[in-house]
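Reading the structure
Given next are the chains, with one letter for each unit.
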Amino acid sequence: MKLVKTLMAVGLGAAIAAVSVAQAADKITIGFSQIGAESEWRTANTNDVKAAAEAHNIDLKFSDAQQKQENQIKAIRTFIAQKVDLIGFVPIVATGWDNILREAKRAKIPVLIMDRDLTVSDDSLYVAKIGTDSYTEGKKVFAWLDNYIQTNNIKPRNGGDKINIVILEGTVGSSAATGRAHGFDDALKASPNKDKYNILASQTGDFTRQKGQEVMESFLKSNRDDIDVLFAHNDDMALGAIQAIEAAGLKPSKDIVIVSVDGVKGIFQAMVDGKANATVECNPLQGDLFFTTAEKILKGEKVPKSVFVEEGVYQADEAAKVFPTRKY
Ligand code: GYE
């Protein structure tokens, strides 16, 4: 209505200018703080957020925290000063957000969380969370592993009576790491085969290929002939570990069963090459759901507090068939 009046009141050139001003004013502005670029998964997630912002015609202020919570807090504070319509972020770790979220609440800017979970003293400090169900992923990892070990009748390499597992954990304090660890542990404890497994070592590789390789090297130094299984909290660390396993003269996927989480192209390639056994999918393509939810929040619609994206499990024997259909 306002626009029609404007069009009548001014000449054509000015009218076109008025239309674009009106459109710009209508555009939703969202500040988004991403963790960084630690993994193939994260890169896919960032690309998807940027593409989805364009598709939704959102004015996106994107900030990369380079793996530091303090940078995320600074970015959120800047978004508040810029009076964005909504703030989105991926909490690098679960705790430490209360103060900055109180600042956002005081400024009446809604907050929508993506991917990782957070723990706050008051749940009204954020509107909703969309993303990853890390606990279920951890459970799926153990379920796959238990079934694989039992159906293939895999025996401990060192002749002992337990299958020895090493674990490469994700970023310390991140919900992606704690969720996957708890899910795996709970499923292990609930298994009738629980006494057949031993966790030999578990250490963080910070979700990166480089650290995954380094930590696996140190595991192999102390226990080369005892390790039967590697569970990596993400594919990138598994890919780094594969290099360490080969350098130690062992065959990844055969001497050491390898299962990880994410489902990125790199691990599909490794499965096709016979170097990894399975991946539990974690879908990074969360941008469309994020902006759809943000739009609803800004229209005053009610949204569920927590929504998870769909995820599957893939193993080596289907990798070649599935590979061409993978989007990340
Ligand atoms: O699995 C890992 C990334 O938070 C679910 O973070 C995400 C995890 C993902 O770096 O590769």
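Residues numbered from 1 in each chain as written. Predicted model: local features only at pLDDT ≥ 70, side-chain atom pairs only at ≥ 80, totals over all residues. Heavy atoms only, no water.

Here we come to the packing of helix 4 (residues 69-81) against helix 5 (residues 98-106). The contact between helix 4 and helix 5 brings their axes to 10 Å, and the two run at 10 degrees. Between helix 4 and helix 5, the crossing angle belongs to the class labelled roughly parallel. Across the interface between the two elements, Ile-73, Ile-76, Arg-77 and Ile-80 of helix 4 pack against Ile-100, Glu-103 and Ala-104 of helix 5. Per-class residue counts for the contact of helix 4 with helix 5 are five nonpolar, no polar and two charged. (Axes fitted to C-alpha atoms, helices over the stretch in contact; angles between N-to-C directions. Helix = DSSP H or I, 4+ residues; strand = E, 2+ residues; numbered from the N terminus. Parallel < 35°, antiparallel > 145°, perpendicular 65-115°, else oblique. Contact = heavy atoms within 4.5 Å. Nonpolar A, V, L, I, M, F, W, Y, C, P; charged D, E, K, R; others polar.)

Time to look at helix 6 (residues 134-151). Here helix 6 is 18 residues long and its end C-alpha atoms lie 26 Å apart, about the 26 Å a rise of 1.5 Å per residue gives. Where helix 6 is concerned, the buried positions are Ser-134, Glu-137, Gly-138, Val-141, Phe-142, Trp-144, Leu-145, Asp-146 and Ile-149. Once helix 6 finishes, Asn-153 follows within two positions and takes phi at roughly 50 degrees, a positive value. (Expected span 1.5 Å × (residues − 1). Buried < 20%, exposed > 50% of the residue type's maximum accessible area, 1.4 Å probe, protein only.)

The end-to-end C-alpha distance of helix 4 is 19 Å, a good match for the 18 Å that 13 residues give at a rise of 1.5 Å each. Within helix 4, burial applies to Gln-72, Ile-73, Ala-75, Ile-76, Phe-79 and Ile-80. All buried residues of helix 4 project into a common sector of 160 degrees when viewed along the axis, lining one side. Turned more than 90 degrees away from the buried face of helix 4 sit Glu-70, Lys-74 and Ala-81, all of them exposed. (Arc of directions from axis to C-beta.)

Looking now at the nonpolar core. Counting 39 residues, the largest nonpolar core has Ile-87, Trp-97, Leu-101 and Phe-290 as its most contacted members. Tallying contributions element by element places helix 4 first for this core, with five residues. Core analysis: the next-biggest nonpolar cluster, separate from the first, contains 30 residues, Ala-201, Ala-232, Ala-238 and Met-271 among them. (Core = buried A, V, L, I, M, F, W, Y, C linked by side-chain atoms within 4.5 Å.)

The next thing to look at is the site of the ligand. Taken together, 13 residues are adjacent to the ligand, and Glu-38, Asp-115, Arg-116, Asn-234 and Asp-262 come closest. Between the ligand and Asn-234, the relevant distance is 2.8 Å, taken from an oxygen atom to a side-chain nitrogen or oxygen of the residue. Elements with a contribution of two residues or more to the shell around the ligand: helix 3 (40-55) and helix 7 (175-190). A per-class count over the shell around the ligand returns four nonpolar, three polar and six charged. Split by domain, the residues of the shell around the ligand number at least three in each of domain 1 (29-132 + 284-310) and domain 2 (134-282). (Near = heavy atom within 4 Å. Polar contact = N/O pair within 3.5 Å; in protein donor to acceptor, adjacent residues only side chain to side chain. Domains from an automatic or database assignment.)

With that settled, consider unusual backbone geometry. You will see that Gln-67, though not glycine, has its phi angle at about 65 degrees, which is positive. Relative accessible area serves as the criterion here: at 32%, Gln-67 is assigned to the partly exposed category. The residue Asp-262 is not glycine, and still its phi comes out positive at about 135 degrees. Within the secondary structure, Asp-262 sits in strand 9 (residues 257-262).

This part is about the sheet that holds strand 10 (residues 278-281). Pairing is mixed across the open sheet formed by six strands, whose spatial order is 7-6-8-9-10-12. Unpaired on one side and paired on the other, strand 7 (197-204) and strand 12 (313-315) mark the two borders of the sheet. Pairwise comparison of adjacent strand axes, ignoring direction, gives a mean angle of 15 degrees for this sheet. Judged from the three bridges that link them, strand 10 and strand 12 form a sheet pairing that is antiparallel. Of the residues in strand 12, the one forming a bridge with Thr-279 is Tyr-314. (Pairing = 2+ DSSP bridges.)

Fair warning: the whole summary comes from geometry, so function is off the table for now.
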